[in-house]
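Structural description and commentary
Here are the chains, one letter per residue:
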Amino acid sequence: MVAGYRFIRVDGKKIAEHRHVVEQREGRKLARNEIVHHVDGNPLNNDPDNLVILTRSEHQRLHHMGAKQRRWTVEEEDRAVELENAGMTMMQVTKVLGRSISSVGDHLRKRRKKVTFSPSLPLRVR
Ligand SMILES: [Zn+2]
């Protein structure tokens, strides 16, 4: 379940309020591929003027843009692994590197795959 959204009941069915507001505004049902995005970033601001319909891939792109603006360097990946091995949580590594949690997660996973496991190298598995 997505946290932070307001849900309402319409004709006995539970629906996310922001989707319902847009359906009323457009006068039609939304397709599954249509994602309603909150322009101001506040998931509780369901003012019709704050809601825009994006395709699933457009929405994906929008939310990953910040992380993709800077390319990851090998040094930064090394640092992420180092910090994680030093006992920092992924959330803390995220803050240190100024990256999104999903971006840090992707790169740590990518790196773990490259590393061949040896008993002298303890890798944290969550
Ligand atoms: Zn969004």
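Our subject is the structure listed above.
Quantities reported herein were computed from a predicted structural model and do not represent experimental measurements. (Residues numbered from 1 in each chain as written. Predicted model: local features only at pLDDT ≥ 70, side-chain atom pairs only at ≥ 80, totals over all residues.)

Things to note about the pairing of strand β2 (residues 13–16)
To keep it simple, the criterion reads: When DSSP finds at least two bridges between two strands, those strands are taken to pair. Here a helix means four or more residues in a row that DSSP labels H or I, a strand means two or more in a row labelled E, and each is numbered from the N terminus.
Relative to β2, strand β1 (residues 7–10) is paired through 4 bridges, and the arrangement is antiparallel. From the neighbouring strand, Ile 8 faces β2, where its bridge partner is Ile 15. Hairpin connection from β1 to β2: 2 residues lie between these consecutive antiparallel strands, with Asp 11 at a positive phi of about 50 degrees.

A closer look at unusual backbone geometry
To keep things clear, this is the line we draw: Counting other C-beta atoms within 10 Å of a residue's C-beta gives its exposure: the residue is buried at 20 or more, exposed at 12 or fewer, and partly exposed in between, where C-beta atoms are placed from the backbone.
A positive phi angle, near 50 degrees, is found at Asp 11, a position not held by glycine. Relative to the elements of secondary structure, Asp 11 occurs in the loop between β1 and β2. Note on Asp 11: 5 C-beta atoms within 10 Å, which makes it exposed.

Thoughts on the environment of Glu 17
Spelled out, the test is: Contacts are defined on C-beta atoms placed from the backbone: any two residues whose C-beta positions lie within 7 Å are in contact.
Locating Glu 17 in the fold gives a position in helix α1 (residues 17–26). Residues Glu 17 and Tyr 5, spaced 12 residues apart in sequence, show a C-alpha to C-alpha distance of 7.6 Å. In this view, Glu 17 contacts Arg 6, Phe 7, Ile 8 and Asn 46; residues no more than four positions away in its chain are not counted.

Let's talk about the packing of helix α3 (residues 74–85) against helix α4 (residues 90–97)
This is how it is decided: Fitted lines through C-alpha atoms give the axes, limited to the stretch in contact for helices. The angle between two N-to-C directions lies from 0 to 180 degrees. An angle below 35 degrees is treated as roughly parallel, one above 145 as roughly antiparallel, one from 65 to 115 as roughly perpendicular, and anything else as oblique. Left-handed describes a crossing in which the near helix is turned anticlockwise from the far one by less than a right angle; the clockwise case is right-handed.
For the pair α3 and α4, the least separation of the axes is 10 Å and the interaxial angle reads 140 degrees. Classified by the angle between their axes, α3 and α4 sit oblique to one another. Between α3 and α4 the crossing geometry is right-handed. Along its contact with α3, which presents Glu 76, Ala 80, Leu 83 and Glu 84, the element α4 presents Met 90, Val 93, Val 96 and Leu 97.

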